[in-house]
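Summary of structural features
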Amino acid sequence: MRYFKMMDMHEHFIHMTKYTGGLGVIESILKKLAKVVNEERTKDIMSQVKIPVLGTPLHEITQFTNGFIQLLESKLDEKELRRVLADNHHQIPKEVYMQEKIYYEKAPSLEAYLKDLHDRKVAELTNHYEENKVWFEQHITPEVIEYVKQNQEVMSAVLEGDSLYITKIPYDTKAFLEAKTQDEQAYYLCHCPFAREVLKDNPFKISSNWCYCSGGFTKFPFDVIFDADLPIEMLSSALGHDGACRFKIDLTGIDYKKV
Amino acid sequence: MNDKGLREWYELNHLKDVDTAISFIKEMDQYVITQCSSSLDHMTLSDLDKVIAYLIETNRNTVLC
């Protein structure tokens, strides 16, 4: 991967991330499981899980994911399932978002912070476009920048009542914007290395409950900012073929800065 | 194989065992040349999948990153 990065072989680098993007995620989910349910139930579930090795073909990974989410759905109630999945399973260090916490503390209100965050993200994408750099796993075009610019829910959030609404940026925004069908849109929306290949040919469906894992990733920056494990609800998802991955974070009881 | 890329790759990553790193990349390059009639610098994504399968077969998939 490092070699491809150095050589500016963007397509190869992005292709490799499809394999490596899920590193440690299942292990982290099982670790969280042990915190949510008792030892006996944890052991029962863990005994039925065989974690795919790094480099497993991408279509085989989706078969694993399908079995895994079905197992979790059969063994956990809805509340437990959400708690287990909606966490920082990519193990991003808190420190990554400490600077955001400082920006929030300096902002006059949460709304002002969200507006500033969105502006900064648009500027970041613009910089990547101008320097022809891959932004995480995608190429940035003027159309992608415009798409993000038009909706503050993307790469930031919109506050309504005591809730934050967030729409995830698609995995491949350029292709998503050019997609002709809902199925194509779903494929280009999905970031998940454990699920997205199933959206290519739709040989079977993976339960959209799996997307609570993505919800955990989505809410983590706000968990850090508010030093809380915030409740999250999935409103729409790629696996549900809903045309967007959209989440609602409940800030009830959080003493956030109001205008 | 591109010498500039190779040199930058190991310098960037401050690899302790440079010889091993170079030998690994060269082995991968040779694999792609023999199996895909290409080279590491010009291979297709489907060739890359073959390399990944080869690394799994030889129990070296952890070096993917």
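All values derive from a computational prediction rather than experimental measurement. Residues take numbers from 1 onward in each chain, read along the sequence in its written order. Just so you know, chain letters begin at A and ligand numbers begin at 1, following the order they were written in. Reporting in this predicted model follows two pLDDT cut-offs: at least 70 for local features of residues, and 80 or more for side-chain atom pairs to be given and counted; totals over whole chains, interfaces and linings ignore these cut-offs and use all residues. Where side-chain values are given, they derive from all heavy atoms of the structure, hydrogens and water being excluded.

1. Observations concerning the side chain of K32(A)
With respect to the helices, strands and loops of the structure, K32(A) is situated in helix 3 (residues 25-36). One polar contact links the side chain of K32(A) to the main-chain carbonyl oxygen of R83(A), over a distance of 2.6 Å. Runs of E in the DSSP output that reach at least two residues are strands. Runs of H or I that reach at least four are helices, and both are numbered from the N terminus. Two N or O atoms form a polar contact when they lie within 3.5 Å of each other; inside protein one atom must be a possible hydrogen donor and the other a possible acceptor, and for residues adjacent in sequence the pair counts only when both atoms belong to side chains.

2. A short note on the packing of helix 3 of chain A against helix 6 (residues 78-85) of chain A
All names here are of chain A. Where helix 3 contacts helix 6, the two axes come as close as 8 Å, and the packing angle between them is 135 degrees. Judged by the angle between their axes, helix 3 and helix 6 are oblique. Our pair here, helix 3 against helix 6, has a crossing hand that is right-handed. Taken together, the residues of helix 6 that come into contact with helix 3 (itself represented by I29, K32, L33 and V36) are E80, R83, V84 and L85. The residue classification treats Ala, Val, Leu, Ile, Met, Phe, Trp, Tyr, Cys and Pro as nonpolar and Asp, Glu, Lys and Arg as charged. All others, Gly included, are polar. Residue composition of the contact of helix 3 with helix 6, grouped by class: 5 nonpolar, no polar and 3 charged. Only the stretch in contact is used when a helix axis is fitted, and all axes are lines through C-alpha atoms; the angle between N-to-C directions ranges over 0 to 180 degrees. For this classification, under 35 degrees means roughly parallel, over 145 means roughly antiparallel, 65 to 115 means roughly perpendicular, and everything else is oblique. By definition, turning the near helix anticlockwise from the far helix through less than a right angle yields a left-handed crossing, and turning it clockwise yields a right-handed one. Residues count as neighbours in contact if any of their non-hydrogen atoms are within 4.5 Å of one another.

3. A word on the environment of P221(A)
All names here are of chain A. Here P221 lies in helix 13 (residues 212-226). Residue exposure (1.4 Å probe, protein chains only): buried if accessible area is under 20% of the type maximum, exposed if over 50%, otherwise partly exposed. A relative accessible area of 16% means that P221 is categorised as buried. Considering only alpha carbons, one finds P221 and E100, 121 residues apart in sequence, at a separation of 7.8 Å.

4. Re the packing of aromatic side chains
Residues and elements named next belong to chain A. Pairing of aromatic rings covers Phe, Tyr and Trp, the last counted by its six-membered ring, and requires centre-to-centre distances within 6.5 Å; plane angles under 30 degrees mean stacked, over 60 mean edge-to-face, and any other angle means tilted. All told, the structure shown has 10 aromatic pairs over all chains when counted by the stated rule. Arranged with centres 6.0 Å apart and planes meeting at 70 degrees, the rings of F68 and W210 form a pair that is edge-to-face. Here the residue F68 occupies a position in helix 5 (residues 58-75), and W210 occupies one in the loop between helix 12 (198-201) and helix 13, the gap between them amounting to 142 residues. Classification of W210 as buried rests on a relative accessible area of 2%. With a centroid separation of 5.7 Å and an interplanar angle of 75 degrees, the aromatic rings of Y97 and F220 are classed as edge-to-face. Taken as a pair, Y97 in the loop between helix 6 and helix 7 (98-106) and F220 in helix 13 lie far apart in primary sequence, 123 residues in all. On the basis of relative accessibility, which here comes to 8%, the residue F220 falls in the buried class.

5. Digging into the pairing of strand 2 (residues 163-167) of chain A
Each regular strand shows side chains that alternate between the opposite faces of the sheet. All names here are of chain A. For strand 2, a buried count of 5 out of 5 residues is recorded, marking the element as mostly surrounded by other parts of the structure. With burial as the criterion, each face of strand 2 is covered, one bearing S163, Y165 and T167 and the other bearing L164 and I166. Any two strands are treated as partners once DSSP identifies two or more bridges connecting them. Where strand 1 (residues 158-160) and strand 2 come together, 3 bridges link them in antiparallel fashion. Among the inter-strand pairings, E160 is bridged to a residue of strand 2, identified as S163. Linking two consecutive strands that pair antiparallel, namely strand 1 and strand 2, is a turn of 2 residues; a positive phi of about 60 degrees is found at G161 within it.

6. Remarks on the sheet that holds strand 1 of chain A
Backbone-to-backbone hydrogen bonds join strands into a sheet, with any given pair of strands oriented parallel or antiparallel. All names here are of chain A. Taken together, the 4 strands give an open sheet; going across it, the order is 1-2-4-3, and neighbouring strands pair in antiparallel fashion. Lying at the two open borders of the sheet, with one neighbouring strand each, are strand 1 and strand 3 (232-236). Ignoring which end each strand starts from, the neighbouring axes of this sheet average 25 degrees apart. Taken together, the 4 bridges between strand 3 and strand 4 (residues 246-250) define a ladder with antiparallel strand orientation. Pairing of M234 across the sheet is with F247, part of strand 4.

7. Description of the pattern of salt bridges
All names here are of chain A. Here, a salt bridge means any side-chain nitrogen of Lys or Arg that lies within 4 Å of a carboxyl oxygen of Asp or Glu. Scanning all chains against the criterion turns up 15 salt bridges over all chains. Here D119 makes a salt bridge to K115, at a shortest N to O gap of 2.8 Å. Pair noted here: D119 and K115 are both in helix 8 (residues 110-130), with a separation of 4 residues, about one helical turn. Using a relative accessible area of 42% as the deciding quantity, one classes K115 as partly exposed. Through salt bridges with shared partners, a single ionic network connects E100, D116 and R120.

8. Concerning helix 9 (residues 142-149) of chain A
Residues and elements named next belong to chain A. Listed as buried for helix 9 are V144, I145 and V148. Buried residues in helix 9, looked at end-on, bunch into an arc of 100 degrees, giving them a common side. Pointing more than 90 degrees away from the buried face of helix 9 are the exposed residues E143 and K149. Elements in contact with the buried residues of helix 9: helix 8 and helix 10 (173-178). The arc under discussion is defined with respect to the helix axis, by the directions toward the C-beta atoms.

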